[in-house]
Amino acid sequence: MNVTLYIITVLIWGTTWLAIAFQIGDTPVVVSVGWRFAIASAALLAWLALRGKLPRLSKENHKMAVLLALCLFSNNFLCFYFATQYIPSGLNAVVFSLAPILNALNLWWLEKKRPDASFIQGALMGFSGILMLFGAQFIHSAMDLTILLGLGVTFVGTYFFSMGNLVSARAQQKGMPLLPTTGWAMGYGALYLFAIALFMGHSLAFTTTPLYVSALVYLAIIGSVIGFNTYLALVGRIGAAKAAYCTVLFPLVALSLSTIFEGYEWTWQSVLGVMLVVGGNLRVFGLPEPVKRWYHAHR
């Protein structure tokens, strides 16, 4: 089950970067993200209600949902979208891949849970692989103040994401239901974003072109309802530190799509980067059980 959740999360979130690109245009970012989570919240809560699995949440549970909204369903996305105005998407992905390291550091800082050597080694290998994959962008990007601003904002967004992981893990440890909590959190995030949009003088109307609407539906239902819940379920099962390591693999899926649709050209640096990411993944989780059984059977 852990492997299944892991693969689904990587594939879904790896493809959402392309869908997000289709949303950038006439509709303000804060409005686009707001509608994404408004639709996701309505769909998830309606599905739970129809199945008779929408319990009345406690005040403490709603407080956790608000914290999740601020960390996972609003501020982090505002940071990521804002940063794309100043840095290439590859650099955005590189900084986002720091999430597992930030999770481990937060657990060490807040809960005194020192990460083991294998996790640190694997995470560093994965991050080094991402740097190799996008190293050319570092080389050709002039490190002026706007680039530094973009990197800083992306880091803040990644830190919001990391803190949201810990909030979700804590909520699940307390026995709070995952799906209803996530549904309410998405709703609170949408209300928060709409309030910001109205304060900024934006209309809540969005572009109705087929491309934008299809991207919005994909991001709301597949990327948010399914993607976030598989990821948060993984957080509850194996912990925030190890679950967030799959964020290292998101850029690899995006890179594969770029190869097919945008003609990305592979180099020896990018091949080495993929090998480092895969090696880091194996260092953190070890070989899959079927591979282990095959290995022991043929020794």
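Higher on the page you've got the structure.
Described in the following lines is the structure provided in the data block. (Residues numbered from 1 in each chain as written. Predicted model: local features only at pLDDT ≥ 70, side-chain atom pairs only at ≥ 80, totals over all residues. Heavy atoms only, no water.)

## Some thoughts on the side chain of Thr181
Within the element layout of this structure, Thr181 appears in helix α10 (residues 178–199). Polar side-chain contacts of Thr181 include one of 2.9 Å to the side chain of Asn61. Engagement of the side chain of Thr181 in a polar contact is seen with the backbone oxygen of Pro177, the distance being 2.6 Å. (Helix = DSSP H or I, 4+ residues; strand = E, 2+ residues; numbered from the N terminus. Polar contact = N/O pair within 3.5 Å; in protein donor to acceptor, adjacent residues only side chain to side chain.)

## Focus: the packing of helix α2 (residues 29–50) against helix α11 (residues 210–238)
Helix-helix packing: each pair is described by the crossing angle between the helix axes and the interaxial distance. Closest axis-to-axis distance for the α2/α11 pair is 9 Å, and the angle between their directions is 55°. With respect to each other, α2 and α11 are oriented oblique. Here α2 and α11 pass one another in a crossing that is right-handed. Residues Ser32, Trp35, Arg36, Phe37, Ile39, Ala40, Ala43 and Leu44 of α2 lie in contact with α11, whose contacting residues are Tyr212, Leu216, Leu219, Ala220, Ile221, Gly223, Ser224, Val225, Phe228 and Asn229. For the contact of α2 with α11, the class distribution of residues is 13 nonpolar, 4 polar and 1 charged. (Axes fitted to C-alpha atoms, helices over the stretch in contact; angles between N-to-C directions. Parallel < 35°, antiparallel > 145°, perpendicular 65-115°, else oblique. Left-handed = near helix turned anticlockwise from the far one by under 90°. Contact = heavy atoms within 4.5 Å. Nonpolar A, V, L, I, M, F, W, Y, C, P; charged D, E, K, R; others polar.)

## Section: the packing of aromatic side chains
A full pass over the atoms with the stated rule returns 10 aromatic pairs. Ring centres of Trp13 and Phe161 lie 6.2 Å apart, and the angle between their planes is 65°; on these two criteria the pair is classed as edge-to-face. One end of the pair, Trp13, is in helix α1 (residues 2–23); the other, Phe161, is in helix α9 (residues 145–173), with 148 residues separating them in the sequence. The rings of Trp35, Phe194, Phe206 and Tyr212 are connected pair by pair, giving a single aromatic cluster. (Phe/Tyr/Trp six-rings, centres within 6.5 Å; stacked < 30°, edge-to-face > 60°.)

## Thoughts on the nonpolar core
Grouped together as the largest cluster of nonpolar side chains are 74 residues, with contacts concentrated most on Phe37, Phe73, Phe228 and Tyr231. With 10 residues, α11 is the single largest residue contributor to this core. Beyond its immediate chain neighbours, meaning those up to four positions away, Phe37 contacts Leu72, Phe73, Phe77, Met186, Gly187, Ala190, Leu193, Ser224 and Phe228. (Core = buried A, V, L, I, M, F, W, Y, C linked by side-chain atoms within 4.5 Å. Buried < 20%, exposed > 50% of the residue type's maximum accessible area, 1.4 Å probe, protein only.)

## Describing the environment of Trp184
With respect to the helices, strands and loops of the structure, Trp184 is situated in helix α10. Overall, Trp184 belongs to the partly exposed group, its relative accessible area being 32%. A C-alpha to C-alpha distance of 9.6 Å links Trp184 and Asn61, two positions 123 residues apart in sequence.

## Details of the pattern of salt bridges
One pass over the full model with this rule turns up 1 salt bridge. Residue Glu60 is joined to Lys174 by a salt bridge in which the shortest nitrogen-to-oxygen separation is 2.8 Å. In this pair, Glu60 sits in helix α3 (residues 59–72) while Lys174 sits in the loop between α9 and α10, placing the two residues 114 residues apart along the sequence. A residue is classified by how much of its surface remains accessible, and Glu60, at 41% relative accessible area, is partly exposed. (Salt bridge = Lys/Arg side-chain N within 4 Å of Asp/Glu carboxyl O.)

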